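# Notes for the structure review
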Amino acid sequence: HGKRADGIVQGMLMHSRGQKGERAATKLNALIDEQAQLAYLSMRSNKPDLSVVFKKEYDDTIGEIMMIPQDLSRVFINLINNALYAAEKRKASMPDDWMPLITMITKNLGDKVEVRIRDNGTGMPEAVREKVFNPFFTTKPTGEGTGLGLSISYDIVVQQHHGSIKVESAENEFTEFIIELPKK
């Protein structure tokens, strides 16, 4: 646990200094799992009654891939935070037995990997999906979002890691972010 905490702190310090991270062989599934736990604990500190089901469908054949772990950590925690926010927002208008669900899936695609993060929250209309990766675009109320999270995530995945990120969504049903990353 000490090594994990040290890695998280080092990643946060590197981001705050604006330094570029080094690529390192990293266990993708473990990284996503850590960020899901951090996002949940962070949101739960503000909403102690938060209850969410996390469904994990990890492909164990992925192992380690070359990445800048602190940068992709930022992407995953941002996507999971957004998923938690949308699912919690939808819960307010649902029956008491309805449960927020965050699904995290990884797949080995040979020379690349696919990561899917899906929520059963409020979803997005097409007009929002078209702008969601634009800097400063947000659907959250003032003070709750800067509109930079998805823009920065796009840059990290596409420009730094030479991957792709896209979003699929249906209003009042789900939102799913699909990331493809090269293994090397």
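Below you will find a few notes about this structure. The shown structure was predicted, so the numbers you read here are calculated from the model rather than taken from an experiment.

### A look at the overall build of the protein
A tally of regular secondary structure across the protein gives five helices and seven strands. Its helices and strands in sequence order give the protein the pattern α-β-α-β-β-α-β-β-α-α-β-β, from N to C terminus. Buried residues in the protein amount to 41% of all 184 residues. A fraction of 72% describes how many contacts in the protein between residues 6 or more apart in sequence connect residues 24 or more apart. On the protein, roughly 10200 Å² of surface is accessible, and the fraction owed to carbon and sulfur atoms is 52%.

### Thoughts on the sheet that holds strand β4 (residues 101-108)
The mixed open sheet is built from five strands, whose spatial order is β2-β4-β5-β7-β6. The open sheet terminates on both sides in strands that have one partner only, identified here as β2 (53-57) and β6 (164-170). Adjacent strand axes in the sheet meet at a mean angle of 15°, parallel and antiparallel pairs treated alike. Note that β6 and strand β7 (residues 174-182) share seven bridges and pair antiparallel. Counterpart to K166 in the pairing with β7 is I178. Strand contacts of helix α3 (residues 69-91): β2, β4, β5 (112-119) and β7, with the helix running at about 25° to β5, the strand carrying the most contacts.

### A few points about the nonpolar core
Ranked by internal contacts, the top residues of the largest apolar core, which has 38 residues, are L28, L72, V75, F76, I102, F177 and I179. Contributions of two or more residues to this core are made by α2 (28-46), β3 (64-67), α3, β4, β5, α5 (149-160), β6 and β7. Counting residues per element, this core draws most heavily on α3, at nine residues. What L28 contacts, discounting residues up to four positions off in sequence, is I62, G63, I65, M67, F76, T106, V113 and V115.

### Examining the packing of aromatic side chains
Describing an aromatic ring pair means giving the distance of the ring centres and the angle of the ring planes. A full pass over the atoms with the stated rule returns three aromatic pairs. Arranged with centres 5.9 Å apart and planes meeting at 90°, the rings of Y40 and F54 form a pair that is edge-to-face. Residue Y40 is located in helix α2, and its partner F54 is located in strand β2; the two are separated by 14 residues in the primary sequence. Judged by centre distance (5.4 Å) and plane angle (45°), the ring pair of F133 and Y154 falls under tilted. Of this pair, F133 sits in the loop between α4 (126-131) and α5 while Y154 sits in helix α5, and the two are 21 residues apart along the sequence. For F133, a relative accessible area of 18% puts it in the buried group. Relative accessible area serves as the criterion here: at 32%, Y154 is assigned to the partly exposed category.

### Brief notes about the packing of α2 against α3
Running from N to C, α2 and α3 cross one another at 45°; their axes reach a closest spacing of 8 Å. Regarding the angle of α2 to α3, the classification is oblique. Considering the relative orientation of α2 and α3, their crossing is right-handed. Taking contact as the criterion, the partners of L28, L31, I32, Q35, A36, L38, A39, Y40 and M43 in α2 are, on α3, P69, L72, S73, F76, I77, I80, N81, L84 and Y85.

### Here's the deal with the pairing of β6
Of the two faces of β6, only one is covered, namely that formed by I165, V167 and S169; the face formed by S164, K166, E168 and A170 stays uncovered. Connecting the antiparallel pair β6 and β7 is a turn made up of three residues, with N172 showing a positive phi of about 55°.

### A word on the packing of α3 against α5
Across the interface, α3 lies against α5 with an axial gap of 9 Å and an inter-helix angle of 140°. The orientation of α3 with respect to α5, classified from their angle, is oblique. α3 and α5 meet at a crossing whose hand is left-handed. Residue-level contacts link D71, L72, R74, V75, N78, L79 and N82 of α3 to G149, L150, I152, S153, I156, V157 and Q160 of α5. Of the residues assigned to the contact of α3 with α5, the class counts are seven nonpolar, five polar and two charged.

About the cut-offs
- Residues numbered from 1 in each chain as written.
- Predicted model: local features only at pLDDT ≥ 70, side-chain atom pairs only at ≥ 80, totals over all residues.
- Heavy atoms only, no water.
- Helix = DSSP H or I, 4+ residues; strand = E, 2+ residues; numbered from the N terminus.
- Buried < 20%, exposed > 50% of the residue type's maximum accessible area, 1.4 Å probe, protein only.
- Contact = heavy atoms within 4.5 Å.
- Areas by Shrake-Rupley, 256 points an atom, 1.4 Å probe, with all protein chains shown as cover.
- Pairing = 2+ DSSP bridges.
- Axes fitted to C-alpha atoms, helices over the stretch in contact; angles between N-to-C directions.
- Core = buried A, V, L, I, M, F, W, Y, C linked by side-chain atoms within 4.5 Å.
- Phe/Tyr/Trp six-rings, centres within 6.5 Å; stacked < 30°, edge-to-face > 60°.
- Parallel < 35°, antiparallel > 145°, perpendicular 65-115°, else oblique.
- Left-handed = near helix turned anticlockwise from the far one by under 90°.
- Nonpolar A, V, L, I, M, F, W, Y, C, P; charged D, E, K, R; others polar.

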